[in-house]
Amino acid sequence: MTRRQQLKNTHYERRVYRHRVAISIIFVVTMISILIARYGQLQIADYNIYKTHSDRNRIQLLPIAPKRGLIFDRNGVLLAENIPSYTLTVVKERLESLDETLAIIGELIPLAEEDIEQFRKRLSRRRPYEAVPLKFRVSEEEIAKIAVNRYRIPGVEIDAQLVRHYPHGELFAHVLGYVGRISERELDEIDPVNYSGTHHIGKIGLEKYYEELLHGTVGYQNVESNAHGRILRVLERHDPQPGGDIHLSVDAYVQQVAFEALKGQRGAIVAMDPRTGGVIAMVSTPSYDANLFVNGISSADYNALQNDPDLPLYNRALQGQYPPASTIKPIWGLAGLQYGMVTTATRIADPGWFTLPNDSRRYRDWKRGGHGYSVNLEQAIVQSCDVYFYELAYRLGIDRLHDFGARFGLGVPTGIDNTNERSGILPSRAWKEEVRNSHWYPGETISVGIGQGFMLATPLQLAVATSVIASRGELRAPRLLASVDGEKVIAPLLGRMDDVPDAYWDAITQGMEQVVASPQGTARGLKAGLTYRMAAKTGTAQVVGIAAGEKYDSSTLHKRNWDHALFVAFAPAEDPKIAVSVIIENGEHGGSVAGPAARKVFEAFLVGEPKTVPTPMDITPEVWVDE
């Protein structure tokens, strides 16, 4: 009998089955345990981390730019305002491809290579999820094209913001300066938090000097946005603190009159209130439209300004350094009285030339043949006698001239609340030793005596020095700012000349009055129709040297080598309310060219509107006598 063959081992199969079930249960339990542990870690341990990530995708902290402070003149005329402007911005994190997005935008609206280049620079220094400007001053038509195609360019938005605008264009460009886009260098210097919502900063002028005051403090808001970056609602908002509104001492009407008086000429006019130091007008011509710089000036416009031979970007009022010429003579006359070198009765012979002891060189007077047998101080100021001031400068010496001139603010920055002011030159022995590595010579003192040689001054410095004479010794730092949010600002008093007797001030003022009032005065042509007393001094500064014995002849020179015309004055002489300095490059004659411009400023401020002022073309040559 054969043994039955066993076809199935049920015991073995049950054992295998139990092992497999056990392993499966262990595997499932293990995986469920891991999943529960992971859920626990995500929901409990890492809850705050992932909640923050989630909120970051949904909720953003956006800066709110403060409103920049407005600028007004002394009468409330608006000089700098903020107007709405639209900017195309991009949030890189919400783009699928930056290059593709830029290509699509370029198809919809014109994008200059300069716009893209600047955008990439700004993109490299932005914060995550920060909107970066791509194009400023987007038009309504361009806004419509972007809106219609918004579905193609997620992360691209049109932002409305306030930008700076200067309603008077070129009239106040050299006073206010301008704001412009923040550069990479400036970004390293400013507070990145306070400027997080701002793309502009004061670049030059008053806008830069008072940047902290005008800018304000940034605000912020928490907003909820969708997957495309569009804001759905504002969760929290902290309003920004706007910049302070400021009022200037400048009179817009007087500024306009001064600007028109210089139109078509290269020059500067500065008018000040000698009682307060407030600047009433400050004009430099030619000028430029400051609005060109606000959102970035084009290369073509900038090159045109840079290459203009008349230098419209050059602020002649603060940066132009010119020989003060004869406008300095009243100061040296006062020095002669103060140091006892002369009295009001002292007379000096004037044959038409002056020589130093043991020196045959002749320093000639501007008037061939001189001003008479001898002249006193008043006559020397009235007729601008060079020989008198050659002799006086020699008696005083360069040390006294330097020390006394410094008391009028010459040779150093005036401290005006503006930028890029130059200091001029009030030469001295120490100055020449340091700068020229040379000794001082007596002949150089003679040149300083008539405001020539090494001596240089800005139109602002001449206005300050004239204000010192008008106020009888008060040296004040000139100020453009008059008040902030209604609170007055006082110009600092830098010095007082209490040691100078009133009689000396009377003598100098009397001489300056006679410059206009006397039949021999170098500005007597201004007297016609004058309803107030003006104290003045004319000046003519050489641009190119004239050899000894030769006569100046403008017909043989290029116009840019003609003499500069200068004029300083204050009025009313008995109670000065305004002091003015004028420089007209290559204008040749201080009395007949610069003088009428100054009178128009006086008329505008003192009378209310400029009267008809004679010009050289309106009158016979004998009316004007210019050195």
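- Where an unreviewed UniProt entry is consulted, the protein chain appears under the name Peptidoglycan D,D-transpeptidase MrdA, with the organism given as Zhongshania antarctica.
- Word for word, the UniProt comment on the protein chain under Pathway (unreviewed entry) is "Cell wall biogenesis; peptidoglycan biosynthesis."
- According to the UniProt record, the Sequence similarities (unreviewed entry) comment for the protein chain reads "Belongs to the transpeptidase family. MrdA subfamily."

1. A look at the overall build of the protein chain
Okay, so step 1: Assigned secondary structure in the protein chain consists of 20 helices and 23 strands.
Okay, so step 2: For 627 residues, the compact-globule estimate of 2.2 N^0.38 gives 25 Å, and the C-alpha radius of gyration of the protein chain, at 37 Å, exceeds that figure by more than 25%.
Okay, so step 3: When each of the 627 residues of the protein chain is scored for burial, the buried share is 50%.
Okay, so step 4: Considering only residue pairs separated by 6 or more positions, the protein chain has 72% of its internal contacts joining residues 24 or more positions apart.
Okay, so step 5: Carbon and sulfur atoms provide 52% of the accessible area of the protein chain, an area that totals close to 30,300 Å².
Okay, so step 6: A gap of 9 Å separates the mean positions of the 69 positive and 74 negative side-chain charges of the protein chain.

2. Remarks on the sheet that holds strand S12 (residues 279–285)
Okay, so step 1: Spatially, the five strands line up as an open sheet ordered S12-S11-S23-S22-S21, and their pairing is antiparallel. Two strands close off the open sheet at either side, each with one partner strand: S12 and strand S21 (535–541). Pairs of neighbouring strands in the sheet enclose a mean axial angle of 5°, with direction left out of account.
Okay, so step 2: Sheet topology note: the strand S22 (residues 564–571)/strand S23 (residues 578–584) ladder contains seven bridges and is antiparallel. Bridge pairing in S23 places phenylalanine 567 opposite valine 582.
Okay, so step 3: Those strands touched by helix H18 (residues 459–470) are strand S11 (267–272), S22 and S23, and its axis lies near 30° from that of S11.

3. Describing the packing of helix H15 (residues 386–406) against helix H17 (residues 442–449)
Okay, so step 1: Taken N-terminus to C-terminus, the directions of H15 and H17 make an angle of 110°; their axes are 8 Å apart at the nearest point. Classified by the interaxial angle, the pair formed by H15 and H17 is roughly perpendicular. Of H17, the residues touching H15 (which contributes Phe389, Tyr390, Ala393, Tyr394, Gly397, Ile398 and Leu401) are Thr445, Ile446, Val448 and Gly449.

4. Some points on the nonpolar core
Okay, so step 1: Core analysis: the largest hydrophobic core is formed by 129 residues, its most contacted members being Leu176, Leu248, Tyr388, Phe408 and Phe567.
Okay, so step 2: Of the residues forming this core, the biggest block, 10 residues, is contributed by H15.
Okay, so step 3: Residue-level mapping places this core at the junction of two domains, with at least three residues from each of domain 2 (61–248) and domain 3 (266–271 + 316–477 + 487–606).
Okay, so step 4: Ignoring anything within four residues of it in the chain, the contact list for phenylalanine 408 reads Ile331, Leu334, Val464, Ala465, Val468, Ile469, Leu475, Met497 and Trp505.
Okay, so step 5: Ranked by size, the runner-up nonpolar core spans 19 residues in total, among them Leu98, Ile109, Phe119 and Leu134.

5. Observations regarding the pattern of salt bridges
Between side chains of opposite charge, pairing is possible as soon as their charged atoms come close.
Okay, so step 1: In this structure the tally under the stated criterion is 30 salt bridges.
Okay, so step 2: A salt bridge links lysine 329 to aspartate 386; the shortest N-O distance between them is 2.5 Å. Taken as a pair, lysine 329 in helix H13 (residues 329–338) and aspartate 386 in helix H15 lie far apart in primary sequence, 57 residues in all. Aspartate 386 matches lysine 329 in its accessibility class, with the two residues each being buried.
Okay, so step 3: If you follow the salt bridges from partner to partner, you end up with Arg68, Arg164, Glu207 and Glu211 in one network.

6. Details of the environment of valine 468
Okay, so step 1: Counting through the fold element by element, valine 468 comes out in helix H18.
Okay, so step 2: A relative accessible area of 1% means that valine 468 is categorised as buried.
Okay, so step 3: Valine 468 sits 205 residues away from lysine 263 along the chain, and the two C-alpha atoms are 29 Å apart.
Okay, so step 4: Ignoring anything within four residues of it in the chain, the contact list for valine 468 reads Phe408, Gly473, Glu474, Leu475, Met497 and Trp505.

Reading the values: the criteria
Residues numbered from 1 in each chain as written. Predicted model: local features only at pLDDT ≥ 70, side-chain atom pairs only at ≥ 80, totals over all residues. Heavy atoms only, no water. UniProt positions renumbered as here; feature names shortened; annotations may be inferred. Helix = DSSP H or I, 4+ residues; strand = E, 2+ residues; numbered from the N terminus. Rg over C-alpha atoms; globule rule 2.2 N^0.38 Å. Buried < 20%, exposed > 50% of the residue type's maximum accessible area, 1.4 Å probe, protein only. Contact = heavy atoms within 4.5 Å. Areas by Shrake-Rupley, 256 points an atom, 1.4 Å probe, with all protein chains shown as cover. Lys, Arg positive; Asp, Glu negative; His and termini not counted. Charge placed at Lys NZ, Arg CZ, Asp CG, Glu CD. Pairing = 2+ DSSP bridges. Axes fitted to C-alpha atoms, helices over the stretch in contact; angles between N-to-C directions. Parallel < 35°, antiparallel > 145°, perpendicular 65-115°, else oblique. Core = buried A, V, L, I, M, F, W, Y, C linked by side-chain atoms within 4.5 Å. Domains from an automatic or database assignment. Salt bridge = Lys/Arg side-chain N within 4 Å of Asp/Glu carboxyl O.

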